[in-house]
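# Coordinate inspection notes
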Amino acid sequence: MTVNKFEKIRQTIHFNDNNLNSMGPNRDKLFKIRPVIETLRKRFLTVPLEENLSVDEQLCSTKARSGLKVYLPNKPHKWGYKLCVLCGVSGFAYNFEVCSGQENQECFCLKKEPDLGASSNIVVRLCRVIPKNENFKVFFDNYYTSLPLLVYLKRQAIYSLGTVRRNRLKNVKLPSDEVLKKNPRGTIGSCVTKVRGTDITAVVWKDTKVVNLLSTFVGADPVMKVKRFDKKLKKHVEVDCPAIIKTYNKHMGGVDLLDGLLGRHKIKTRSRKWYIRLFYHMLDVTIVNSWLLHRRIQEGKGENKTLTLVQFRKELAISLCKVGQVTTPKRGRPSKEIQDNIEKKRKLGTKKGEVAPTKDIRLDGIQHWPIDRTTKTRCKMPGCDSYTWIKCSKCDISLCCGKSRELNTIKIQEEENIYQAPKIEVPEEKKNPCEKASVQEAKANLLLV
């Protein structure tokens, strides 16, 4: 695709019908990209949920002129669109919502859901997709945590844990911050109370700062030891640490991990349309989710063939460009279409290098025509030492056609993909000198299986 064609497509691309957009104060601010949001949320939820989930905010950095743009001074990128994401420990995003300021309106809330406040309602909406009575655990920070939220989640048979702001705990029997400042590092205070029939544990721990936590499934015991650096003694010392801190630190970083993966190889193309930047961000999230799913599958098989994120993005781009592509054999001398800068891992035993196509391209069964080469080279089928004058027109890989050098109509079915090739007669002077290849080898070699 040329640059002009790409720019023309991006200029005219729309994700919704503008004629259906209603005007007025109650209009949907995300109308232009709403179909993309809902489609991706449904696709993400087809993957089984992890046991430990976390809710946190995410920023899609931009300085576009939009009413959805917010300013978060504590973030590396301070301007952008704010999203709230439900992630697993691996960083897989199962559910998300774009903060537009309309989330607490009646059209976005269910009648059975209580109004717990603007911040706690975010967790309520994101946790709609979590099955009940299956011991799922949700973690969140002090922006979302409140006593009514923990009670509601426990009634939905969902366990929860989160840090909490001290002003949200009324009449709690815990030492105050002023008392804890006078105590040494590692001081622990805890209490268990029953709120509306739900047992909730409150824990306070003094580390560098005072930390307050609420939980419905874990408490302070058992107390463990952690190492901290003492400035006065100028060495590491061991201090007490409650079990709730260990559990929180272990399972809370899912959204932060997703942000780190997004920041490595994200789409940086700029646009004047506000929704294009948000579309690019969701496209990056989709690619990262796909890569995490690929890694999960490979680990389940016990194989060490997991691609890196940048390799996965490259293969995905190549597959999307070539899968289903209809090609016709070219006339005249073939052009040099093989890239010079290729990875050594992808070479198939040649010095000049012919890169093996991805499995999606090899098995799509569309327009894999054998064409003549101008020079003789070895067959790229692993285990075949024959020389050949034939290559695949789509994969651009040299393959031999057996000792007779005549290829009749061949039907090869592999993984429900059928390839049909017409009868080709090769000139006498280009016959294969290798007499060991058989017709069965020719059938296998043609698709590089």
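Thresholds applied
Residues numbered from 1 in each chain as written. Predicted model: local features only at pLDDT ≥ 70, side-chain atom pairs only at ≥ 80, totals over all residues. Heavy atoms only, no water. Helix = DSSP H or I, 4+ residues; strand = E, 2+ residues; numbered from the N terminus. Buried < 20%, exposed > 50% of the residue type's maximum accessible area, 1.4 Å probe, protein only. Contact = heavy atoms within 4.5 Å. Areas by Shrake-Rupley, 256 points an atom, 1.4 Å probe, with all protein chains shown as cover. Salt bridge = Lys/Arg side-chain N within 4 Å of Asp/Glu carboxyl O. Axes fitted to C-alpha atoms, helices over the stretch in contact; angles between N-to-C directions. Parallel < 35°, antiparallel > 145°, perpendicular 65-115°, else oblique. Pairing = 2+ DSSP bridges. Patch = residues over 30% accessible without salt bridge, like charges linked within 9 Å, V, L, I, M, F, W, Y side chains within 5 Å. pLDDT = per-residue confidence, 0-100. 1 Å grid on protein atoms, 1.4 Å probe; cavity = no way out; pocket = protein on both sides within 12 Å on 5 of 7 lines; lining within 4 Å. Points joined across faces, edges and corners; volume = space filled by probe spheres on them. Nonpolar A, V, L, I, M, F, W, Y, C, P; charged D, E, K, R; others polar. Phe/Tyr/Trp six-rings, centres within 6.5 Å; stacked < 30°, edge-to-face > 60°. Lys NZ or Arg CZ within 6 Å of the ring centre and 35° of its normal. Core = buried A, V, L, I, M, F, W, Y, C linked by side-chain atoms within 4.5 Å. Left-handed = near helix turned anticlockwise from the far one by under 90°. Arc of directions from axis to C-beta.

### Some points on the overall build of the protein chain
A tally of helices and strands in the protein chain yields eleven helices and 17 strands. Expressed as a percentage of its 449 residues, the buried residues of the protein chain come to 43%. Here the contacts in the protein chain between residues at least 6 apart in sequence split such that 57% fall between residues at least 24 apart. When the accessible surface of the protein chain is summed, it comes to about 26,800 Å², and 51% of that surface belongs to carbon and sulfur atoms.

### Brief notes about the pattern of salt bridges
Considering all chains together, one arrives at 16 salt bridges under this definition. A salt bridge links E57 to K82, with the nearest nitrogen and oxygen atoms 3.4 Å apart. With E57 in strand β1 (residues 52–61) and K82 in strand β3 (residues 79–88), this pair connects stretches of sequence that are 25 residues apart. There is no split in this pair, since E57 and K82 are both buried. In the salt-bridge network here, residues are joined through shared partners; they are D28, R34, E38 and R41.

### Details of the packing of helix α2 (residues 34–44) against helix α8 (residues 274–301)
The angle between the axes and the distance between the axes are what describe a pair of packed helices. Two elements in contact, α2 and α8, have axes whose closest approach is 11 Å; the angle formed by their N-to-C orientations is 10°. With respect to each other, α2 and α8 are oriented roughly parallel. Contacts between α2 and α8 involve V36, I37, L40 and F44 on the former and, on the latter, F279, M282, V285, T286 and N289.

### A look at the pairing of strand β7 (residues 188–195)
Bridging between β7 and strand β8 (residues 198–206) involves eight bridges; their strand directions are antiparallel. Paired with I188 across the two strands is W205, which belongs to β8.

### Here's the deal with a nonpolar patch on the surface
A surface patch of nonpolar side chains, amounting to about 330 Å² of accessible area, comprises M1, F6 and I9. Overall, I9 belongs to the partly exposed group, its relative accessible area being 40%.

### Overview of the confidence of the model for the protein chain
Of the residues in the protein chain, 82% reach a pLDDT of 70 or more, and the chain-wide mean stands at 79. When pLDDT is averaged over each helix and strand of the protein chain, the minimum, 35, is found for strand β15 (residues 410–414) and the maximum, 94, for strand β5 (residues 137–140). Throughout residues 334–351 the model reports pLDDT below 50, and contacts reaching past four residues in sequence, or to other chains, amount to 25 contacts.

### Re empty space enclosed by the protein
Counted according to the given criterion, the structure contains three cavities of 30 Å³ or more. Taken together, L40, F44, Q58, L83, V85, A93, F96, L258, H281, M282 and V285 make up the full set of residues lining the largest cavity. The element best represented in the lining of the largest cavity is α8, accounting for three residues. Classifying every residue of the lining of the largest cavity gives nine nonpolar, two polar and no charged.

### Quick look at the packing of aromatic side chains
Enumeration according to the criterion identifies twelve aromatic pairs in this entry. Considering the side-chain rings of Y143 and Y144, the 5.0 Å spacing of their centres and the 85° angle between planes classify their relative orientation as edge-to-face. You can call Y143 partly exposed: its relative accessible area is 31%. The class of Y144 is buried, set by a relative accessible area of 1%. Above the face of the F217 ring, K137 is positioned so that its terminal group lies 5.7 Å from the ring centre. Across from the ring centre of Y387, 5.2 Å away, lies the NZ or CZ of K376, which sits over that ring.

### Considering the nonpolar core
Side chains of a nonpolar character, in soluble globular proteins, are inclined to be buried together. The biggest cluster of nonpolar side chains holds 69 residues, and the ones touching the most others in it are I33, F140 and L278. The biggest single contributor to this core is α8, with twelve residues. Setting aside anything within four residues of it in sequence, one finds L278 in contact with L30, I33, C60, Y81, L83 and V98. Counting 14 residues, the second largest nonpolar core, distinct from the first, contains W205, V218, V226 and I245.

### A short note on the packing of helix α3 (residues 118–126) against helix α4 (residues 147–155)
At a closest axis distance of 10 Å, the pairing of α3 and α4 adopts a crossing angle of 15°. Relative to α4, the element α3 lies roughly parallel. Crossing of α3 over α4 shows right-handed handedness. Between α3 and α4, the residues in contact are S120, V123 and V124 and L149, Y152 and L153, respectively. For the contact of α3 with α4, a count of residues per class yields five nonpolar, one polar and no charged.

### Notes on helix α7 (residues 254–264)
Burial in α7 covers these residues: G254, V255, L258, L261 and L262. The arc enclosing the buried residues of α7, seen along the axis, measures out at 120°, which places them on a common side. Where α7 is buried, its residues contact β1, β3, β4 (93–98), α8 and α9 (309–322).

### A word on the pairing of β1
Of all the ten residues making up β1, ten are buried; the element is thus mostly covered by neighbouring parts of the structure. Side chains N52, S54, D56, Q58 and C60 project from β1 onto one buried face, and the interleaved L53, V55, E57, L59 and S61 project onto a second face that is buried too. Note: β1 against β5, three bridges, orientation parallel. In the sheet register, N52 faces β5, and the bridge partner there is K137. Bridge count for β1 against β3 is nine bridges, and the pairing is antiparallel. Paired with S54 across the strands is C87, a residue of β3.

### Looking at the environment of C395
Mapped onto the elements, C395 comes out in the loop between β13 (387–392) and β14 (406–407). Separated by 33 residues in sequence, C395 and R362 have C-alpha atoms that sit 7.3 Å apart. Ignoring anything within four residues of it in the chain, the contact list for C395 reads P357 and H368.

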